[in-house]
Amino acid sequence: MKENIIFVKNFFTKCFIGIYPEERKKKQNIKISVKLYIKRANDLDDISGTVSYENILVNLEEVTNYEHINLVETLALKLSYKFEKINNVKKIIIKIIKCNISKKDTDVGFIFKKLVKK
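In this text, all values refer to a predicted model and were calculated from it rather than measured experimentally.

In terms of regular secondary structure, the protein chain is built from two helices and four strands. Ordering the α and β elements of the protein chain from the N terminus gives β-β-α-α-β-β. Overall size of the protein chain, expressed as C-alpha extent along the three principal axes, is 50 × 30 × 25 Å. Every one of the 118 residues in the protein chain was classed for burial, and the buried ones make up 36%. Taking contacts inside the protein chain between residues at least 6 apart in sequence as the whole, the part at least 24 apart equals 62%. Summing over all exposed atoms, the protein chain offers an accessible surface of approximately 7800 Å²; the carbon and sulfur share of this is 52%. Charged side chains in the protein chain number 24 positive and 14 negative. The centres of these two groups are separated by 5 Å.

Following this line, the structure appears as structure tokens:
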């Protein structure tokens, strides 16, 4: 069995995210990684048989413009709704890291996994 995975790793952006009052005042640094498991339409050397990275990047670039979100879980769910609309996506994995939470440069975050039923 072969798997086809399109991914973007550690996309850096800023957004209003968090449950504390100070997190509503200043955008926080986050990193988002996305893996989309896809069913290739064909084995041709042509973009028509796969998913363009640009489809992922465009959605990630919009995050900085989102209204305040309390939980990284909510952000991951919101992104998953966008990625599941892309043709031939069968499974989605989204990892969101809140940077600068720990003074020791420890990453904290959330991993979201979803099978797409089409």
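That shown, we press on.
Mapped onto the elements, N59 comes out in helix 1 (residues 53–61). Of note is the side chain of N59, whose polar atom sits 2.8 Å from the backbone oxygen of N55. Among all residues touching N59, those that are not within four sequence positions of it are Y66, L79, K82 and F83.

Next up on the list: the packing of aromatic side chains. A complete count under the given rule lists zero aromatic pairs for this structure. The ring of Y66 carries K78 above its face, with NZ or CZ at 4.1 Å from the centroid. The cationic tip of K91 hangs over the ring face of Y37; the distance from NZ or CZ to the ring centre is 5.0 Å.

All right, on to a nonpolar patch on the surface then. Among the surface-exposed residues, I19, Y20 and L71 lie close enough to one another that they form a single nonpolar patch of about 310 Å² accessible area. Structurally, I19 can be placed in the loop between strand 1 (4–15) and strand 2 (28–38).

The subject of this paragraph is helix 1. Residues of helix 1 that are buried: I56, N59 and L60. Buried residues of helix 1 fall within an arc of 100° about the axis and therefore sit on the same side. The elements touched by buried residues of helix 1 are strand 1, strand 2 and helix 2 (72–83). You can read the cap of helix 1 off the contacts: a side-chain oxygen lies 3.1 Å from the backbone nitrogen of E54, and it is on S52.

The next subject is the nonpolar core. Residues I32, L36, L60, L75, L79, F83 and I94 are the most contacted members of the largest nonpolar core, which totals 28 residues. If you list the elements that add at least two residues to this core, you get strand 1, strand 2, helix 1, helix 2 and strand 3 (89–98).

Definitions and cut-offs
Residues numbered from 1 in each chain as written. Predicted model: local features only at pLDDT ≥ 70, side-chain atom pairs only at ≥ 80, totals over all residues. Heavy atoms only, no water. Helix = DSSP H or I, 4+ residues; strand = E, 2+ residues; numbered from the N terminus. Buried < 20%, exposed > 50% of the residue type's maximum accessible area, 1.4 Å probe, protein only. Contact = heavy atoms within 4.5 Å. Areas by Shrake-Rupley, 256 points an atom, 1.4 Å probe, with all protein chains shown as cover. Lys, Arg positive; Asp, Glu negative; His and termini not counted. Charge placed at Lys NZ, Arg CZ, Asp CG, Glu CD. Polar contact = N/O pair within 3.5 Å; in protein donor to acceptor, adjacent residues only side chain to side chain. Phe/Tyr/Trp six-rings, centres within 6.5 Å; stacked < 30°, edge-to-face > 60°. Lys NZ or Arg CZ within 6 Å of the ring centre and 35° of its normal. Patch = residues over 30% accessible without salt bridge, like charges linked within 9 Å, V, L, I, M, F, W, Y side chains within 5 Å. Salt bridge = Lys/Arg side-chain N within 4 Å of Asp/Glu carboxyl O. Arc of directions from axis to C-beta. Core = buried A, V, L, I, M, F, W, Y, C linked by side-chain atoms within 4.5 Å.

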